[in-house]
There are 2 protein chains.
Amino acid sequence: MNQFCKNLLTEWRKLNLPFADETFVVAVSGGADSLSLMLAVNELKERRKLDLRIVIAHFNHNLRAAESELDAQFVKEITNKFNFELAYGIQNPESKIQNQTGNLEQNARIARYEFLTETAQNLDAYGILTAHTLNDQAETFLLNLIRGSGLDGLSAIKPIRSLESRVLSQKSEESLSYEEKSKIRNPKSKIQLVRPLLNWAKREDTENFCRLNKIEFRHDAMNNDLAFKRVRIRKILIPLLQEFNPKIIETLAKTSELLRGSAEQLAASSRRAAENFSLEERESKVEDEIKNLSLKDLKDVFPSIRRTILREWLKDNRGNLRRLELKHIEAVEKLIFSRKSGKVVELPDGELVLKKNGKLYFQKTKVEKSQSANYNQSLGFEKPAQPHSENNG
Amino acid sequence: MNQFCKNLLTEWRKLNLPFADETFVVAVSGGADSLSLMLAVNELKERRKLDLRIVIAHFNHNLRAAESELDAQFVKEITNKFNFELAYGIQNPESKIQNQTGNLEQNARIARYEFLTETAQNLDAYGILTAHTLNDQAETFLLNLIRGSGLDGLSAIKPIRSLESRVLSQKSEESLSYEEKSKIRNPKSKIQLVRPLLNWAKREDTENFCRLNKIEFRHDAMNNDLAFKRVRIRKILIPLLQEFNPKIIETLAKTSELLRGSAEQLAASSRRAAENFSLEERESKVEDEIKNLSLKDLKDVFPSIRRTILREWLKDNRGNLRRLELKHIEAVEKLIFSRKSGKVVELPDGELVLKKNGKLYFQKTKVEKSQSANYNQSLGFEKPAQPHSENNG
C-alpha cells in the first residue's frame, strides 16, 4: 500500500473515526488536494480497510461561468469513473445578492459549507471530509496572525470538530422543529467535520499522489490571483519564511497544534473555574439569581476565566450568544476595571450591562428588527479570529 | 511633560515599581532606545516624580575595537553631562574563547547580562532597566515563531521578571555561599529585570525623543548586518508583513501579550494539578516515595500538566533541572505512550528513566565529566525556545 494511503489510515485511527457501517461525505472541488483524498479513500475501500458509504459532494460556486462548469463536468466524470455517488450543488444567484456585504471568499465558503452540511444531514452521515493540508494550516495560521489573534485564532484549523449545532444555531431556536431540537441535544447526531490530511499531508504530496494514480487535477484560477490575501501569503510570504526555515510549513502547523492543545486545556480549566464561580454566586443570591455579578470577584480571576464567566452570564440572561462578539466582552471587562461608576455597555440586541454598587447588572430591552437583520453575516462556519484592536462596544 | 515621559510614568505604575528609596541600574548602549530611556528617567527625576538612585551601566563587548571604544567614550560623556553614576564593564577576551561554540549574539548577550546582574548585586539594586521596545518584542516573537515554538516561546519578552535566581542557577548549588543561598530563598532580594518601554514605545518614538532633547545617538553597525537573522527579520520580513497589516508591530506585540496571559494561567493551573497529583502519589506510596510514577495516571492528564509533573519528578530525583531540555521530557512522554515495554530514556547526566510494570522508574548513574563540561552553553539569560522538531533524547 502506498505511503499516502497508509498515512490516511493511521490518521483515521488517531481521529477515532468509524471503519464501517457509516456514511461520509467527501468534499471534492477537482483540485489535487480533494482528488488525492478521494483516490486514497477509494483505495482503502478496495483494500477492505474501510467499509463505508462514500458520497462525493461538489459545489459549483457559479462565479466563473465557463470554468465552474468545466470543474463540475470534470468531477462528475471522475466520480462516475470510480463508481461513487455524487451530490451536486450550485450556488443560488439570489444568495449572492443577499450576502453582498461580506467578502467573496467568505460568502463562497459559507454557501459551500451550507451545502455540505445539508447533504450530510439528508444522508444521516457521520461526517464530512475536507482535504485541508499542512499548507492550508500554515496559511490560516499566518492569516490569523497578521489579522491579530490570541490563542484561539492561532490554534487555526481543527482536524475534527462537531458541525451541526453551529449550523442550526443560525436559525432562531423558536423556528426549530422538534426533531432539529432533539438533534442539538443528542451529541451522537452531530455531524463531524473532519480534515484527515491536515496533520501530515503537504500540497506536493497530494499532487504526487494524483500523478501516481495518473489522474489529472484541475487548477483553480483563484489560487493564482494575488488580489486574495491567502494567495499572497502562499506565493510571497511563505517563500520568504522558507529562506529562514525550509520547514516553515511543518513548523507553523506544529505550532498551531501545540497552541490548540494549550487552548483546549485552558478552556477546560476556565470552564471548571467558571462553574465553581457561578455555583457560589447562585448559592449566595437566591432572589436575583443570575441578574448581577460581583465586581470584586470578577477582578480577582484570570482574564480568560473572567471572559468565560461573562460569556456564560450573558448567555443565561440573553438566552443565547447570538451576535455577541469579543469586543462586547472586552467592553464589559473595561467597565469592570474603569474607576468611574454608573457606566453602561450596550449589547448587539440593545440590551444593557450596567455597573452599580460594585456589581454588574443585566437589563433586557426590546430586540430591534433593523439590528438583527444582518445577523447572518456575522457567522461563518470557520469562525474568524476577532481583531483584538477593536474595542468599540 | 512630554508624552514619552508620561507613558514611562504610567508603565512604572502598572509594573508596580517603587518610586523612591531604591536603586536601579539602567543599561545604556548609546543607541536611541537606551538613551531615550535614560533621558526620560532623568526628566522624571528632575520633576521629582522619581526619587531613586540611578546608575548607568555600559558594557563594552570589545568586538569592533575602534567602534566599541567610541561607543564607550560617548556613553561616558553623556552620563557625565547628566550627572549619572556610571558602571563600566569590558568583555574579557578569554571568555570569548571559552564560549567559542555558541553564536556571537548569544555569547555577547550572556556576558552583558552577567555584567548587569553583578552590577545590580553589588549595588543591592531593586532592578535593571533595559530599553526593549515594541519592535524588539515583535522581532523576538517572529524569531521564536520561525524557529518553532509553543505558547511559552511565543509569549516572547516579559516586561518584568526576577533575574537573580536564574543567574545563580548557573553555579552548582554546592559552590554557593550561605549568603547566596539565602538570597535564592528570599524572594525580596531577587533582582527585577524590567523593560519599561516594551509595552508602548516604538523605535521611532525613542529616536524622536532623543531628537527632541537634541541628543545624538550612536548607530550600531551590527544593526545593519544582514548576516544576523534578527536584522533580516527587521529589514526584510517585517516590511513585507506591513504590506498586509501596517500595524503589524503593535499586532504581534499584542499577540505575545495575550499569549503570555494564557501561558501564565496555564502554568498556574498545571502547577495546581501537578501539586494535587504528587500529593496523591506520595500518600499512596510511602516506601519509594518519588522513585516511580504510574503510567495510567500520566496518560489521563493534559499534556502540559504531564510535562509539569515529569519536570517536577525529575527535579526531585536529580536534585536540579540542569541540562534537562524539552526533548528529554518529550522522549519520556513518548516512552509513556509507546506500546512496547521495557524501554529506556537516557538523561543528560547519564541517568535513566525506565518503563516497567506500568510505572516509570528513575535510576541515578555517575555523572560523566565529559558531558557536563559544555553545561554553560545550554543556558542563556533569555531562554531560547526549544525546537519542537527534535526528539532524539
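Use the structure listed above.
All of the points below concern the structure found in this document. (Residues numbered from 1 in each chain as written. Chains lettered and ligands numbered in written order. Predicted model: local features only at pLDDT ≥ 70, side-chain atom pairs only at ≥ 80, totals over all residues. Heavy atoms only, no water.)

1. Things to note about the interface of chain A and chain B
Consideration 1: On the side of chain B, 36 residues touch chain A, which itself brings 36 residues to the contact.
Consideration 2: With both chains or domains summed, chain A and chain B bury close to 3000 Å², and 74% of this area falls on carbon and sulfur atoms.
Consideration 3: Contact with chain B buries area across many residues of chain A, yet Ile 146, Phe 244 and Gln 265 of chain A alone supply 24% of it, more than any other trio.
Consideration 4: Put simply, chain A and chain B have zero salt bridges between them.
Consideration 5: At the boundary of chain A with chain B, the tally comes to four residue pairs in polar contact (both at pLDDT 80 or more). (Contact = heavy atoms within 4.5 Å. Buried area = accessible area lost by both parts, 1.4 Å probe. Salt bridge = Lys/Arg side-chain N within 4 Å of Asp/Glu carboxyl O. Polar contact = N/O pair within 3.5 Å; in protein donor to acceptor, adjacent residues only side chain to side chain.)

2. Examining the sheet that holds strand β7 (residues 292-294) of chain B
One key point about sheets: their strands pair by backbone hydrogen bonds, in either a parallel or an antiparallel sense.
All names here are of chain B.
Consideration 1: Pairing is antiparallel across the open sheet formed by four strands, whose spatial order is β7-β10-β9-β8. Here the strands that pair on one side only, and so sit at the sheet edges, are β7 and β8 (344-346). Recorded for the sheet is a direction-independent mean angle of 20° between the axes of neighbouring strands.
Consideration 2: In this sheet, strand β10 (residues 359-363) lies alongside β7 in antiparallel orientation, the contact comprising three bridges. When the bridges of β10 are listed, Leu 293 appears paired with Leu 360.
Consideration 3: Strands β8, β9 (352-356) and β10 of the sheet are contacted by helix α15 (residues 326-337), whose axis makes an angle of about 175° with β8. (Pairing = 2+ DSSP bridges. Helix = DSSP H or I, 4+ residues; strand = E, 2+ residues; numbered from the N terminus. Axes fitted to C-alpha atoms, helices over the stretch in contact; angles between N-to-C directions.)

3. Focus on the relation of the copies chain A and chain B
Consideration 1: Taken as rigid bodies, chain A and chain B are interconverted by a rotation of 180° and an axial shift of 0.1 Å, the fit giving an RMSD of 0.1 Å. A rotation of that kind, with that shift, is consistent with a two-fold axis. Within chain A, Leu 266 of chain A has its C-alpha nearest the rotation axis, a separation of 3.0 Å.
Consideration 2: Looking at the interface residues of chain A, 100% of them are also at the interface in chain B, so both copies use one shared face. (Least-squares fit on C-alpha atoms with pLDDT ≥ 70 in both.)

4. Quick word on the pattern of salt bridges
Consideration 1: Applying the stated criterion across every chain yields a total of 34 salt bridges over all chains.
Consideration 2: Glu 85 of chain B is the salt-bridge partner of Arg 53 of chain B, the closest N and O atoms lying 2.7 Å from each other. Of this pair, Arg 53 of chain B sits in strand β2 (residues 51-60) while Glu 85 of chain B sits in strand β3 (residues 85-90), placing them 32 residues apart in sequence.
Consideration 3: In this structure, Arg 218 of chain B engages Asp 71 of chain B in a salt bridge whose closest nitrogen and oxygen atoms are separated by 2.7 Å. Linking Arg 218 of chain B in the loop between α10 (203-212) and α11 (229-244) with Asp 71 of chain B in helix α3 (residues 65-81), this pair joins segments that are 147 residues apart in sequence.
Consideration 4: Residue Arg 218 of chain B is classed as partly exposed on the basis of its relative accessible area, which comes to 23%.
Consideration 5: Of the residues examined, Asp 71 of chain B reaches a relative accessible area of 10% and is grouped as buried.
Consideration 6: Via salt bridges that share partners, Asp 33, Asp 136, Glu 139, Arg 203, Arg 230 and Arg 234 of chain A belong to a single interconnected network. (Buried < 20%, exposed > 50% of the residue type's maximum accessible area, 1.4 Å probe, protein only.)

5. Section: the packing of aromatic side chains
Consideration 1: Scanning the model with the defined rule gives 12 aromatic pairs over all chains in all.
Consideration 2: Ring geometry for Phe 4 of chain A versus Phe 209 of chain A: centroids 4.4 Å apart, planes at 10°, classification stacked. One end of the pair, Phe 4 of chain A, is in helix α1 (residues 3-14); the other, Phe 209 of chain A, is in helix α10 (residues 203-212), with 205 residues separating them in the sequence. For the pair Phe 4 of chain A and Phe 209 of chain A, a shared accessibility class is recorded, and that class is buried.
Consideration 3: Note on Trp 313 of chain B and Phe 362 of chain B: the rings are 6.3 Å apart at their centroids and 85° apart in plane angle, and the pair reads as edge-to-face. Taken together, the residues span a long stretch of sequence, with Trp 313 of chain B in helix α14 (residues 303-318) and Phe 362 of chain B in strand β10 at a distance of 49 residues.
Consideration 4: Classification of Trp 313 of chain B as buried rests on a relative accessible area of 5%.
Consideration 5: Given a relative accessible area of 10%, Phe 362 of chain B falls into the buried group. (Phe/Tyr/Trp six-rings, centres within 6.5 Å; stacked < 30°, edge-to-face > 60°.)

6. Remarks on the nonpolar core
Consideration 1: Counting residues in hydrophobic clusters, the biggest one holds 46 residues, and the most contacted among them are Phe 141, Leu 142 and Leu 237 of chain A together with Phe 141, Leu 142 and Leu 237 of chain B.
Consideration 2: For this core, the elements supplying multiple residues, two or more each, are α6 (134-147), α7 (151-154), α11 (229-244) and α12 (248-284) of chain A together with α6 (134-147), α7 (151-154), α11 and α12 (248-284) of chain B.
Consideration 3: Sequence-distant contacts of Leu 237 of chain B, that is, excluding residues within four places in its chain, are made with Leu 237, Leu 240, Leu 241 and Phe 244 of chain A together with Leu 142, Ile 146 and Arg 232 of chain B. (Core = buried A, V, L, I, M, F, W, Y, C linked by side-chain atoms within 4.5 Å.)

7. A word on the sheet that holds strand β1 (residues 20-27) of chain A
Residues and elements named next belong to chain A.
Consideration 1: The strand order β3-β2-β1-β4-β6-β5 describes an open sheet built from six strands, whose pairing is mixed. Two strands bound the open sheet, and with one partner strand each, they are β3 (85-90) and β5 (160-162). Going from strand to strand, the sheet's axes swing by 25° on average, the running direction of each strand aside.
Consideration 2: Pairing of strand β4 (residues 127-129) with strand β6 (residues 192-194), which is carried by three bridges, proceeds in the parallel orientation. When the sheet's bridge partners are listed, Gly 127 is paired in β6 with Gln 192.

8. What about the environment of Leu 352 of chain B?
Residue and element names in this part refer to chain B.
Consideration 1: Following the sequence through the fold, Leu 352 ends up in strand β9.
Consideration 2: When the C-alpha atoms of Leu 352 and Lys 364 are compared, they prove to be 6.6 Å apart, with 12 residues separating the residues in sequence.
Consideration 3: What Leu 352 contacts, discounting residues up to four positions off in sequence, is Val 344, Val 345, Glu 346, Tyr 361, Phe 362 and Gln 363.

9. Section: α3 of chain B
All names here are of chain B.
Consideration 1: Between its first and last C-alpha, α3 extends 24 Å over 17 residues, near the 24 Å set by a 1.5 Å rise per residue.
Consideration 2: The inward-facing, buried residues of α3 abut α2 (32-46), β2 and β3.
Consideration 3: Of the residues trailing α3, Asn 83 is marked for its positive phi of about 60°. (Expected span 1.5 Å × (residues − 1).)

10. Let's talk about the packing of helix α14 (residues 303-318) of chain A against helix α15 (residues 326-337) of chain A
Packed helices, taken two at a time, are described by the angle between their axes plus the distance between the axes.
Residues and elements named next belong to chain A.
Consideration 1: Two elements in contact, α14 and α15, have axes separated by 10 Å at closest approach and are oriented at 110°. Accordingly, the angle class assigned to the pair α14 and α15 is roughly perpendicular. Contacts between α14 and α15 involve Pro 303, Arg 306, Arg 307, Leu 310, Arg 311 and Leu 314 from the first element and Leu 326, Ile 329, Glu 330, Val 332, Glu 333, Ile 336 and Phe 337 from the second.
Consideration 2: Residue composition of the contact of α14 with α15, by class: eight nonpolar, no polar and five charged. (Parallel < 35°, antiparallel > 145°, perpendicular 65-115°, else oblique. Nonpolar A, V, L, I, M, F, W, Y, C, P; charged D, E, K, R; others polar.)

11. Things to note about the pairing of β1 of chain A
On a regular strand, one side chain projects to one face of the sheet and the next to the other, so that they alternate.
All names here are of chain A.
Consideration 1: Pairing geometry for β1 and strand β2 (residues 51-60), over six bridges, is parallel. Pairing of Ala 20 across the sheet is with Asp 51, part of β2.
Consideration 2: Traced from β1 through helix α2 (residues 32-46) to β2, the parallel crossover comes out right-handed.
Consideration 3: Where β1 and β4 come together, three bridges link them in parallel fashion. Within β4, the residue paired with Phe 24 across the bridge is Gly 127. (Right-handed = clockwise from strand over helix to strand, strands pointing away.)

12. Here we look at the pairing of β2 of chain A
All names here are of chain A.
Consideration 1: Where burial is concerned, most of β2 is hidden: eight out of the 10 residues are buried.
Consideration 2: Strand direction decides the pairing type here: β2 and β3, joined by six bridges, are parallel. If you follow Ala 57 over to β3, its bridge partner there is Ala 87.

13. Some words on a positive patch on the surface
Consideration 1: Together, Arg 271 and Arg 272 of chain A together with Arg 271 and Arg 272 of chain B give the surface a local cluster of positive charge.
Consideration 2: Put simply, the parts of the chain that give the positive patch at least two residues each are α12 of chain A together with α12 of chain B.
Consideration 3: By the secondary structure assignment, Arg 272 of chain A is in helix α12. (Patch = residues over 30% accessible without salt bridge, like charges linked within 9 Å, V, L, I, M, F, W, Y side chains within 5 Å. Areas by Shrake-Rupley, 256 points an atom, 1.4 Å probe, with all protein chains shown as cover. Lys, Arg positive; Asp, Glu negative; His and termini not counted. Charge placed at Lys NZ, Arg CZ, Asp CG, Glu CD.)

14. Things to note about the environment of Arg 47 of chain A
Consideration 1: By the element assignment, Arg 47 of chain A lies in the loop between α2 and β2.
Consideration 2: Spatially, the C-alpha atoms of Arg 47 of chain A and Met 1 of chain A are 9.0 Å apart, while their sequence positions differ by 46 residues.

Coordinates in, geometry out; function isn't part of it.
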